[in-house]
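Chain by chain, the residues:
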Amino acid sequence: MQQDLINRLNKITEQLSVPAQERPPQLLAVSKKHPPDAIATLYRAGLKRFGESYLQEALRKIQALSELDIEWHFIGPIQSNKTKPIAENFAWVDSVDRIKILQRLSHQRPQNLPPLQVLLQLKIGNEAGKSGTDKTTIEQMLNMAKTMKQINIRGLMCIPPPSDKFEQQQSHFMQAKQLFDQLQAQHPRLDTLSMGMSNDLQAAIACGSTQVRVGTALFGHRR
Ligand SMILES: *Cc1c(COP(=O)(O)O)cnc(C)c1O
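If you're wondering where the values come from, they're calculated on a predicted model, not measured in any experiment.

With that settled, the discussion passes to helix α3 (residues 55–64). Given 3.6 residues per helical turn, the α-helix brings residues three or four places apart onto the same face. Buried within α3 are the following residues: Leu-55, Glu-57, Ala-58, Lys-61 and Ile-62. Along the axis of α3, the buried positions cluster into a sector of 160°, meaning they face one direction only. Structural note: α3 exposes Gln-56, Arg-60, Gln-63 and Ala-64 on the side pointing more than 90 degrees away from its buried face. Taken together, the buried residues of α3 touch α2 (36–44), β2 (49–52), β3 (71–74) and α4 (83–89).

Have a look at this one:
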């Protein structure tokens, strides 16, 4: 079991270090629906970044693993009545897609903690009901955040509509990469483009992802 985890980690690490990459993408281990001991195993193998989508489940694990120096990312949809515990317990929030959420996180991030690291979630493809927002709102949030002392926007995150075709995956990721490059020209501090999951890792890497979010390919299927 533990050895399976380590074997899968090694395989993914290999995929990330394709020679073409000047700097391999970071690996965010998506641990939702997986137990604390699996997280601890990967932590001991060298992983520091873990992503969770469900707040109550995440808070339990953060508590259980508080001895470990883990960088916790909240990556799920955010309801506005849940922003306070998110602002208090996570280092990163990778799924901000509304101005109201950004404002609440800014007010609720405790002064004694470092600024919250934030990714803005870009909507890619036109699937109804999927989270994410458009370029205009992203630009607005970037400008607003200039005066938010407890918010540090680091870049974009996206979850394109699922597809098994590499070309389709690439065309979605290229849209995100293009916008990221445009925004970076105006906001040089942006350094993170989070895209690519178990199923579309290769396409995301080919399109310049700086951070992949991998659950299933690392932990196995969720229970
Ligand atoms: C669950 C999840 C992932 C990981 O998905 P896998 O297909 O299991 O790799 C990545 N990003 C987000 C936002 C998720 O919710």
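The structure having been displayed, the exposition proceeds.
Turning next to the site of the ligand. Close contacts around the ligand come from Val-30, Lys-32, Ser-53, Ile-75, Ile-159, Met-197, Ser-198, Arg-213, Val-214, Gly-215, Thr-216 and Arg-222, and that covers them all. Ser-53 places a polar side-chain atom, nitrogen or oxygen, 3.5 Å from an oxygen atom of the ligand. At 2.6 Å from an oxygen atom of the ligand is found a side-chain nitrogen or oxygen belonging to Thr-216. For the ligand, whose free accessible area comes to 390 Å², the fraction covered by protein is 89%. In terms of residue class, the shell around the ligand is made up of 5 nonpolar, 4 polar and 3 charged.

Our next topic: the packing of helix α1 (residues 2–16) against α2. When two helices pack together, their arrangement is given by the angle between the helix axes and the distance between those axes. At their nearest, the axes of α1 and α2 sit 10 Å apart, and the two run at 50° to each other. Between α1 and α2, the angle falls in the class oblique. Once α1 is placed against α2, the crossing between them reads as right-handed. Touching Gln-2, Leu-5, Ile-6 and Leu-9 of α1 are Ala-38, Thr-41, Leu-42 and Arg-44, all from α2. Per-class residue counts for the contact of α1 with α2 are 5 nonpolar, 2 polar and 1 charged.

Counting through the fold element by element, Asp-4 comes out in helix α1. For Asp-4, a relative accessible area of 39% puts it in the partly exposed group. In the structure, Asp-4 is positioned 215 residues away from Phe-219 in sequence and 8.6 Å away in space, judged by C-alpha atoms.

Looking now at unusual backbone geometry. The phi dihedral of Lys-33 falls on the positive side, at around 65°, and the residue is not glycine. Within the element layout of this structure, Lys-33 appears in the loop between β1 (26–30) and α2. According to the relative accessible area criterion, Lys-33 is partly exposed, its value standing at 40%.

This part is about the side chain of Ser-163. Following the sequence through the fold, Ser-163 ends up in the loop between β6 (151–158) and α7 (166–186). By relative accessible area, Ser-163 is classed as buried at 18%. Those residues in contact with Ser-163 that lie beyond four places of it in its chain are Gln-168 and Gln-169.

What counts, and at which threshold
- Residues numbered from 1 in each chain as written.
- Predicted model: local features only at pLDDT ≥ 70, side-chain atom pairs only at ≥ 80, totals over all residues.
- Heavy atoms only, no water.
- Buried < 20%, exposed > 50% of the residue type's maximum accessible area, 1.4 Å probe, protein only.
- Helix = DSSP H or I, 4+ residues; strand = E, 2+ residues; numbered from the N terminus.
- Arc of directions from axis to C-beta.
- Contact = heavy atoms within 4.5 Å.
- Near = heavy atom within 4 Å.
- Polar contact = N/O pair within 3.5 Å; in protein donor to acceptor, adjacent residues only side chain to side chain.
- Areas by Shrake-Rupley, 256 points an atom, 1.4 Å probe, with all protein chains shown as cover.
- Nonpolar A, V, L, I, M, F, W, Y, C, P; charged D, E, K, R; others polar.
- Axes fitted to C-alpha atoms, helices over the stretch in contact; angles between N-to-C directions.
- Parallel < 35°, antiparallel > 145°, perpendicular 65-115°, else oblique.
- Left-handed = near helix turned anticlockwise from the far one by under 90°.

Honestly, that's just the spatial picture; any functional story needs more than this.
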